[in-house]
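Coordinate analysis (summary)
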Amino acid sequence: MSVFTHPDFDHHEQVVFCHDRSSGLRAIIAIHDTTLGPALGGCRMFPYGSDDEALRDVLRLSRGMTLKSSLAGLKLGGGKAVMIGDPHTGKSQALLHAMGDFVDSLGGRYITAADSGTGEPEMQAFAQRTRHVIGATPRTMLDGTIASGDPSPSTALGVFVGLREAVRQRLGRDDLTGLKVAIQGVGHVGLGLARHLKEAGAELWVCDIFDANVQQAVEELGANAVRPHDIYGLDVDVFAPCAMGGILNAETLQSLRAPVIAGAANNQLASTEIGVELQRRNHLYAPDYAINAGGIIDVYYQRIGGSPAQTDTHVRGIAETLREIFERAASSGESTSVVADRLAQERLVGQHAVQKQPQRLQA
Ligand code: NAD
């Protein structure tokens, strides 16, 4: 396994391989870029088939966080962590404490939060070993209720407003009544998105590899259950990937029919070329790190002690960011993913330039 020459290395500042013999923890922490601030990104737990798979995932996710925070206008850098193991059976307090110790050893260069396979209980366990964690304590929501620090409701809201903007752009409609949406993965974000869509009058098709999650969407929201493999070929208006990355690839593109692709999953495109191909086939793709920035925005305001109203306003601003991306892509003929990358890079490069200015001596 190479690291410096890995195709996804992309100038990472630091990659930490973590192993704790007694708890069996195997994890990787990747810090991509701290130009805009400390590297903040979730800690995922997944039963990766190999160390290579875990490394590839964490490097891609970490770089995505740099672009995501930059595009969302946050003073945060990009980083991510992955724990190798089954999130349903592989957790112990000792393992989580060991992970907390590794996060702490980085002295705040990396700040962790919940991600796929982790949530508030895991953040609480980390918090017993490090202060560089967000999402361990409850907070007040916009409606005055007390909720956990889990940012996924904000992610779901951001995806919903972003999806609505994509539908407006591609299908020319504001009313979502009767809109047909297929959601891949009804976990924390997918189910939250499904609830927003149901409230707006949409019709839902859902799949998940965890049967209980499908069952909940069917019973609570009247969603139609489909088998995971069948989700791509449905004759729907929107395909919302809310499970894992890499699902927009040469194979799935053959069956994909939805004119709009708008969902929460990170790293949806298997490669940059797939983004171009989507545009060529007239699918409007909402770039993943633009539409799913609600979670990082939420976590940012938890970190600085911002109000629920600030979080809500900033999350809803995702629609405007997407509108700018869609409009620029439409006028330049480029793919939406290329345009989003450029917008995010522009802000980063601008900041690099500012940091490289010689400091004037104070008189
Ligand atoms: P989650 O683990 O709660 O939900 C993911 C769901 O997808 C689970 O129910 C899982 O069983 C299902 N799944 C996994 N593989 C599948 C497959 N091949 N087909 C169908 N279903 C499958 O995670 P989440 O927090 O809802 O996050 C979902 C996605 O959104 C992830 O890619 C995550 O990185 C991304 N994301 C999440 C947040 C957040 O705030 N939680 C923020 C930004 C991005």
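These numbers were taken from a predicted model, which means no experiment stands behind them.

Rules and cut-offs
Residues numbered from 1 in each chain as written. Predicted model: local features only at pLDDT ≥ 70, side-chain atom pairs only at ≥ 80, totals over all residues. Heavy atoms only, no water. Domains from an automatic or database assignment. Contact = heavy atoms within 4.5 Å. Buried area = accessible area lost by both parts, 1.4 Å probe. Near = heavy atom within 4 Å. Polar contact = N/O pair within 3.5 Å; in protein donor to acceptor, adjacent residues only side chain to side chain. Areas by Shrake-Rupley, 256 points an atom, 1.4 Å probe, with all protein chains shown as cover. Helix = DSSP H or I, 4+ residues; strand = E, 2+ residues; numbered from the N terminus. Nonpolar A, V, L, I, M, F, W, Y, C, P; charged D, E, K, R; others polar. 1 Å grid on protein atoms, 1.4 Å probe; cavity = no way out; pocket = protein on both sides within 12 Å on 5 of 7 lines; lining within 4 Å. Points joined across faces, edges and corners; volume = space filled by probe spheres on them. Salt bridge = Lys/Arg side-chain N within 4 Å of Asp/Glu carboxyl O. Buried < 20%, exposed > 50% of the residue type's maximum accessible area, 1.4 Å probe, protein only. Pairing = 2+ DSSP bridges. Right-handed = clockwise from strand over helix to strand, strands pointing away. Core = buried A, V, L, I, M, F, W, Y, C linked by side-chain atoms within 4.5 Å.

A common measure of how large an interface is: the accessible area buried when the components associate. You can read the domains of the chain as domain 1 (14-64 + 76-137) and domain 2 (152-347). The partner domain 2 presents 15 residues to the 18 residues of domain 1 that form the contact. Interface area, domain 1 with domain 2, both sides summed: about 1,400 Å², of which 59% is carbon and sulfur. A per-residue breakdown of the area domain 1 buries against domain 2 is headed by Arg60, Leu76 and Ile134, which together make up 34% of the total.

Before going further, it helps to spend a moment on the site of the ligand. By nearness alone, 24 residues border the ligand, and Arg44, Thr155, His188, Asp208 and Ala243 come closest of all. For the ligand, an oxygen atom lies 2.6 Å from a polar atom in the side chain of Arg44. A distance of 2.8 Å is found between an oxygen atom of the ligand and a side-chain nitrogen or oxygen belonging to Asn213. For the ligand, the protein covers 86% of the area, taking 830 Å² as the surface of the free molecule. Elements represented by at least two residues in the shell around the ligand include exactly α4 (152-171) and α5 (188-199). Residues that form the shell around the ligand fall into these classes: ten nonpolar, ten polar and four charged. Residue contributions to the shell around the ligand reach at least three from each of two domains, namely domain 1 (14-64 + 76-137) and domain 2 (152-347).

Attention now goes to the layout of surface pockets. Of the voids in this model, the second largest pocket is the one considered here, and its volume is about 660 Å³. Together, 30 residues line the second largest pocket, and Met141, Leu142, Pro153, Ser154 and Asp298 are the ones closest to its centre. Of the residues in the lining of the second largest pocket, the class split is nine nonpolar, 13 polar and eight charged.

It is worth spelling out the pattern of salt bridges at this point. Scanning all chains against the criterion turns up 23 salt bridges. Notably, a salt bridge pairs Glu165 with Arg323, separated by 3.2 Å at the nearest N-O pair. Placement of the pair is Glu165 in helix α4 and Arg323 in helix α12 (residues 318-332), with a sequence separation of 158 residues. Exposure remark for Glu165: the relative accessible area of 3% places this residue in the buried category. A relative accessible area of 32% means that Arg323 is categorised as partly exposed. For Arg281, the salt bridge is made with Glu277, and the minimal N-O distance between the two is 2.8 Å. Salt bridges sharing common partners tie together Arg44, Asp57, Lys80 and Asp115.

Within strand β3 (residues 39-46), seven of the eight residues are buried, which leaves it mostly tucked inside the rest of the structure. Across six bridges, β3 lies against strand β4 (residues 77-84) in parallel orientation. Residue pairing for β4: Phe46 is matched across the bridge by Ile84. At this point the chain moves from β3, through helix α1 (residues 51-71), to the parallel β4, and the crossover so formed is right-handed.

Another point: the sheet that holds strand β8 (residues 180-184). Taken in spatial order, the six strands make up an open sheet running β10-β9-β8-β11-β12-β13, and their pairing is parallel. Of all strands in the sheet, those with a lone pairing partner are β10 (224-225) and β13 (284-285), marking the two edges. Here β8 runs beside strand β11 (residues 238-241); their pairing, made up of four bridges, is parallel. Counterpart to Ile183 in the pairing with β11 is Ala240.

The next point concerns the side chain of Thr118. Of note, Thr118 is situated in the loop between β5 (110-114) and α3 (120-127). Of note is the side chain of Thr118, whose polar atom sits 2.7 Å from the backbone oxygen of Cys43. Once residues lying within four places of it in the same chain are set aside, the contact partners of Thr118 are Cys43, Met45, Met83, Lys91, Ala113 and Met123.

All right, on to the pairing of β4 then. Residues in a regular strand project their side chains so that they alternate between the two faces of the sheet. The element β4 is largely enclosed, with a buried count of eight among its eight residues. Side-chain alternation along β4 places Gly77, Gly79, Ala81 and Met83 on one buried face and Gly78, Lys80, Val82 and Ile84 on a second face that is also buried. By the bridge criterion, six bridges tie strand β2 (residues 25-33) to β4 in an arrangement that is antiparallel. In the sheet register, Asp33 faces β4, and the bridge partner there is Gly78.

What follows concerns the nonpolar core. Of all hydrophobic cores here, the largest spans 63 residues; its most connected members are Val181, Ile183, Leu193, Leu197 and Ile297. In terms of residues, this core owes the most to one element, α4, which gives eight residues. Mapped onto the domain boundaries, this core takes at least three residues apiece from domain 1 (14-64 + 76-137) and domain 2 (152-347). Those residues in contact with Leu193 that sit more than four places away from it in its chain are Ala156, Val159, Phe160, Leu163, Ile183, Ala240 and Cys242. One finds Ile31, Leu95, Ala125 and Val133 within the second-largest nonpolar core, a separate group that totals 24 residues.

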